[in-house]
Amino acid sequence: MTSALNTQEARDWLDQLESISQPELFSRAEAMTVAGHGNVITYSRKVFIPLTKLCRDVCHYCTFAHRPSELHAPYMTLDEILEVARAGEAAGCKEALFTLGDQPERRYSAARQWLGDNGYGSTLDYLAAAAKLVLSETSLLPHLNPGIMNAQNFETLRPLSASMGLMLESSSNRLGEKGMAHYGSPDKVPAVRLGSIRLAGEAQVPFTTGLLIGIGENRLERIDALLAIRDLHARYGHIQEVIIQNFRAKPDTQMRGKPDLPLEEHLWAIAAARLILGPDMTIQAPPNLRDGSLAQLAKAGVNDWGGVSPVTPDHVNPEAPWPHLEKLETETEAAGRHLRQRLAIGPAYARDVSRWTDPALQTPIRRAVDARGLVREQNWHAGSGDKAPEFMPSIVTGRDPQIAVSLGLVEHGEELNKKQITRLFTAEGSDFDHIRAFADELRQDRVGDVITHVVNRNINYTNICLYRCGFCAFSKGSTKSERGPAYNIDHDEIARRTVEAWERGATEVCLQGGIHPSYDGNTYRGIVRAVKAAVPQMHVHAFSPLEVHHGATTLGLSYEDYLADLKAAGLATLPGTAAEILSDDIRDIICADKVNTNEWLAVMRAAHNVGLKTTATIMFGHVEGYAHWAVHLEQLRKLQQETGGFTEFVPLPFVHMEAPNWRRGETRSGPTWREAVLMHAVSRIALGGAIPNIQASWVKLGPDGAAAMLQSGVNDLGGTLMDESITRAAGGANGQIFDVSQMQVLADSLGRPLRERSTIYGQSIRKMATVE
């Protein structure tokens, strides 16, 4: 008998699945897998810590559980645990997998004696102490497999682990009958296990579960178990992965004479799981239990290999050593997929740690991952001065069909929607290579090979600000010294710096600053007049939409009226800063008191309407996701199609080192190198030529990083700056100036011409004067 949880639906699913030929079944499963996860298969680099091999259950296939007489001690000591954890940390592991027998103290006096002698009331109390030790002494994140637990147990252990797990194995009560695999194992009663999985959902614990197939159950019972998992996940959303593990007969067990599960049956169960659980679920199969068949597992629906250890054996399947990571990568690539490391907490849950983990765990998780929730795999950070990684052509020829279709649409002049743009940001391997090359072809078609720049100077007139943007290390709350001295320079100093900039060859001054409590709309007018009085020919590129908003509202003027007034005073263009991410759910987190999305767009629209060109920016790599990047690009494209007022788009990677919200553990550590490259390339593709110029911020990327972007869709290097201070305040290490001679060296290295431009991409007034 099955569990009777979903018996009729299980029969319907079985009829449907068995009516499909195996090639068609696997094809559907693979298409669904790629739709949900792209061409990536994940794994976790872990250490396996068998806290105790004592167990009160007597599963007939198990070699993990031992009697006390077979062990040198009932439990690993804390010193032994820490030694294993530190060895794993040294080998690059991120996960400490704690596996243990279920409630051994309820069966063995030796377990009760050891726990009592060492001051613990239960095995779970000791597990809590061990997990706490690993968390405090290493960078590893615990994943706990402690067996059956109640609500209080989950509450106690949740702050000490990134995730937990319990294999359902089967929903069939029949397996508990005499002579069957679970006979004599009270913790393997399906209702008990499903109850524990339900409690994990109520506790909001990212949870791993799965099936052990080939232990006496049939296909109908497997489907019934999958439906039970599906229903729990639909209710709580907590199932981070489902393992479809194949039975292998082991010596010295009651099932040693049973046949191993055939590969064909394993593949069928994986495909069934994919179709039942859907494209977004992570389906895992242990790679060490199917040596040589990984490509077939991937094509059947697998997108995760689970934990793989370079340090410790698989204590549950000791006869099957973990594959070497290089071999695992090679076999994964042979399947047309890219192997990528994850944490113990699944990527979707790592992207939403505020909901799914205890506050104490959120900071290390955020700092370890990219916007997908996968481990940062290259040691590059924006603004740090890190050398840009080299581009290595992918040896994986498999393409993501959705990405290929999107690039084809753009090639035929069609616009991409939010979903399509978002998908481009997930690109790996050959898709990444194609996107870079395609973006650079678009750059060449639309603006040619010339690399442009402007000679300018930044003048940040005050770093005192009323606003509390979480990412800003530049602003000071008052005239007191906070992270460096506060300042508010006067008109004479602005004029002096303007004259000095002109004498050094600048054609533009870029003026921005904090929102000083004494500033109103007249202040900004006065700044413009000071510049124009000092050097009438100087192009005034000034005031973010936040400053315009502040100036207009303090004078009771509309944006258009106020901007027309500034234009009459000599303002020529506006920088498109303060955009950050044009989604209010993100702005509420990083800059709640700043202008909202509609206000930012309204200022830009007003500027364009009065004849002022502007730039546009995005600050990315903190708390947002790829969908937010897509929405941002869509918003800019739509406004540009309406007004035509944007001259350039400037991606600004988040420089995290001194950012207050990063120091508080609230953000990721900026974008990864892959993400930074894709932001520049995808913006070229997604903006569809509406904004012709894409700029690389050498301040954030460094010269070698900027050079890489110039081969990925970018055509402009921005300004020489002379006095860059905002990125430096955030910990940036790429200097205050990038002069024309340095830019020329960079352009020469790429075999492309360099040209000085005006702020609005015409001929520089200096060059015009030379021609005349």
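Residues numbered from 1 in each chain as written. Predicted model: local features only at pLDDT ≥ 70, side-chain atom pairs only at ≥ 80, totals over all residues. Heavy atoms only, no water.

Undergrad: So what about the overall build of the protein chain? Which residues, and what values?
TA: Assigned secondary structure in the protein chain consists of 30 helices and 19 strands. Its C-alpha atoms give the protein chain a radius of gyration of 30 Å, within 12% of the compact-globule value 28 Å for 772 residues. Taken over 772 residues, the protein chain has a buried fraction of 60%. Counting only contacts in the protein chain whose residues sit at least 6 apart along the sequence, the fraction spanning at least 24 positions is 77%. (Helix = DSSP H or I, 4+ residues; strand = E, 2+ residues; numbered from the N terminus. Rg over C-alpha atoms; globule rule 2.2 N^0.38 Å. Buried < 20%, exposed > 50% of the residue type's maximum accessible area, 1.4 Å probe, protein only. Contact = heavy atoms within 4.5 Å.)

Undergrad: Outline the confidence of the model for the protein chain, listing residues and values.
TA: Averaged over all residues, the pLDDT of the protein chain is 93; the fraction at 70 or higher stands at 95%. Every residue in residues 478-482 is under pLDDT 50, and counting partners more than four places away or in other chains gives 7 contacts. (pLDDT = per-residue confidence, 0-100.)

Undergrad: Requested: an account of the pattern of salt bridges, with residues and values cited.
TA: Under the definition given, this model contains 41 salt bridges. Across the salt bridge formed by Glu221 and Arg174, the nearest N and O atoms sit 2.6 Å from each other. Taken together, the positions of Glu221 in helix H8 (residues 219-236) and Arg174 in the loop between strand S4 (163-165) and helix H7 (190-202) put the pair 47 residues apart, joining distant regions of the chain. Exposure remark for Glu221: the relative accessible area of 2% places this residue in the buried category. The closest approach of N and O atoms between Glu265 and Arg222, which form a salt bridge, is 2.7 Å. Residue Glu265 is located in helix H9 (residues 263-277), and its partner Arg222 is located in helix H8; the two are separated by 43 residues in the primary sequence. Each member of the pair, Glu265 as well as Arg222, carries the same accessibility label: buried. Linked by salt bridges that have partners in common, Arg340, Asp370, Arg372, Glu377, Glu428 and Arg674 make up one network. (Salt bridge = Lys/Arg side-chain N within 4 Å of Asp/Glu carboxyl O.)

Undergrad: Explain helix H29 (residues 740-750) to me, and be specific about the residues and the numbers.
TA: Residues spaced three or four apart along an α-helix point in a common direction, a consequence of the helix completing one turn every 3.6 residues. When H29 is considered as a whole, its buried residues turn out to be Met743, Leu746 and Ala747. Taken around the axis of H29, the buried residues stretch over an arc of 95°, which confines them to a single face. Pointing more than 90 degrees away from the buried face of H29 are the exposed residues Val745, Asp748 and Ser749. Looking at the packing, one finds that the buried side of H29 touches strand S10 (451-454), helix H27 (698-709), strand S18 (716-719) and strand S19 (754-756). Residue Gly751 follows H29 closely and has a positive phi angle near 70°. (Arc of directions from axis to C-beta.)

Undergrad: Can you lay out the packing of aromatic side chains for me, pointing to particular residues and giving the numbers?
TA: For the structure shown, the criterion picks out 19 aromatic pairs. Put simply, the rings of Tyr75, Trp114, Tyr120 and Tyr126 touch in pairs and so form one group of aromatic residues. Against the face of Trp268 rests Arg219, its NZ or CZ located 3.9 Å from the ring centre. (Phe/Tyr/Trp six-rings, centres within 6.5 Å; stacked < 30°, edge-to-face > 60°. Lys NZ or Arg CZ within 6 Å of the ring centre and 35° of its normal.)

Undergrad: Lay out the packing of H7 against H8 in plain terms, naming residues and giving numbers.
TA: Across the interface, H7 lies against H8 with an axial gap of 9 Å and an inter-helix angle of 20°. With respect to H8, the element H7 is oriented roughly parallel. Handedness of the H7/H8 crossing: right-handed. Together, Leu194, Ile197, Arg198, Gly201 and Glu202 of H7 and Ala228, Leu232, Arg235 and Tyr236 of H8 make up the contact between the two elements. Split into classes, the residues belonging to the contact of H7 with H8 amount to 5 nonpolar, 1 polar and 3 charged. (Axes fitted to C-alpha atoms, helices over the stretch in contact; angles between N-to-C directions. Parallel < 35°, antiparallel > 145°, perpendicular 65-115°, else oblique. Left-handed = near helix turned anticlockwise from the far one by under 90°. Nonpolar A, V, L, I, M, F, W, Y, C, P; charged D, E, K, R; others polar.)

Undergrad: An account of the sheet that holds strand S13 (residues 539-542) is requested, with residue identities and associated values reported.
TA: Taken in spatial order, the 7 strands of this open sheet run S11-S12-S13-S14-S15-S16-S17, and their pairing is parallel. Of all strands in the sheet, those bounded by a partner on one side alone are strand S11 (456-460) and strand S17 (693-694). In this structure, strand S15 (residues 613-620) lies alongside strand S16 (residues 646-653), joined through 7 bridges in parallel fashion. What sits directly across from Met619, in S16, is Leu652. Its contacts with the sheet put helix H24 (residues 626-643) on S15 and S16, and the angle it makes with S16 is roughly 165°. (Pairing = 2+ DSSP bridges.)

Undergrad: Lay out the packing of H24 against helix H26 (residues 673-686) in plain terms, naming residues and giving numbers.
TA: It is at 11 Å that the axes of H24 and H26 come closest, and there the two elements cross at 30°. As judged from the angle between their axes, H24 and H26 are roughly parallel. Considering how the two elements wind past one another, H24 and H26 form a crossing that is right-handed. Every residue of H26 that contacts H24 at Tyr626, Trp629, Leu633 and Arg637 is listed here: Arg674, Glu675, Met679, Val682, Ser683 and Ala686. Considered class by class, the residues forming the contact of H24 with H26 number 6 nonpolar, 1 polar and 3 charged.

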